[in-house]
Amino acid sequence: MNRHDRLLLPADAYQTYSITQPHDTTVRAACEQVGCEAWRHGWESVINEATDLGKQQAAYIRTRAGRTFREQRTGGGFTVFRFDSGQRCFAEHRTRPELYAVRDGDWRGNPTGRARRHTRAQDWVEDFAEHQLGLEDQQQKG
């Protein structure tokens, strides 16, 4: 028996905090969440208004896109739309969701079967920090 085995508490004396990502699941994500360069720095869309498609795209940008932009017409029917940073781009971003879990037990198992899942990373971090403070208080009390 090594010294670590002698110090090991029963599994029900532990809590395990984990962050996992399902391998086969993606969800829509905001530009900010995925580090979108267009969101971070702004972007330009060059639209050829000499075509039917270009006319539809320009009309959408001007009337329904709901984004802040400046436009400049160039030769040959082209319009450059310059979009400010910090707003959703036109791409649909996808990412794998993160699951923030807390369960009783350790690597040997969860003897109580109790587990919970946080929906926000901030809540998981707060839970973890409070748990660590509780452990520190217990250690100081002896």
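Residues numbered from 1 in each chain as written. Predicted model: local features only at pLDDT ≥ 70, side-chain atom pairs only at ≥ 80, totals over all residues. Heavy atoms only, no water.

A few points about the layout of surface pockets
Of the voids in this model, the largest pocket is the one considered here, and its volume is about 160 Å³. Forming the walls of the largest pocket are Arg 28, Ala 29, Ala 30, Cys 31, Tyr 60, Arg 67, Arg 88, Cys 89, Phe 90, Ala 91, Glu 92 and His 93. (1 Å grid on protein atoms, 1.4 Å probe; cavity = no way out; pocket = protein on both sides within 12 Å on 5 of 7 lines; lining within 4 Å. Points joined across faces, edges and corners; volume = space filled by probe spheres on them.)

Describing the sheet that holds strand E3 (residues 43-48)
Reading across from one edge, E3-E5-E4 is the order of the 3 strands in this open sheet, with antiparallel pairing throughout. Pairing within the sheet leaves two strands with one partner each, and these edge strands are E3 and strand E4 (69-73). Here the average twist between neighbouring strands, direction ignored, is 20°. By the bridge criterion, 6 bridges tie E3 to strand E5 (residues 78-83) in an arrangement that is antiparallel. Looking at the pairing, Glu 44 lines up with Arg 82 of E5. Each of E3, E4 and E5 touches helix H4 (residues 52-63); the most contacted strand, E3, lies at about 140° to it. (Pairing = 2+ DSSP bridges. Helix = DSSP H or I, 4+ residues; strand = E, 2+ residues; numbered from the N terminus. Axes fitted to C-alpha atoms, helices over the stretch in contact; angles between N-to-C directions. Contact = heavy atoms within 4.5 Å.)

Side note on the sheet that holds strand E1 (residues 15-20)
Read across the sheet, 3 strands follow the order E1-E7-E8 without closing on themselves; strand pairing throughout is antiparallel. Unpaired on one side and paired on the other, E1 and strand E8 (115-118) mark the two borders of the sheet. Shown here is a sheet whose adjacent strand axes are inclined to one another by a mean of 20°, direction ignored. Its contacts with the sheet place helix H5 (residues 121-141) against E1, strand E7 (99-104) and E8, and it is angled at close to 155° to E1.

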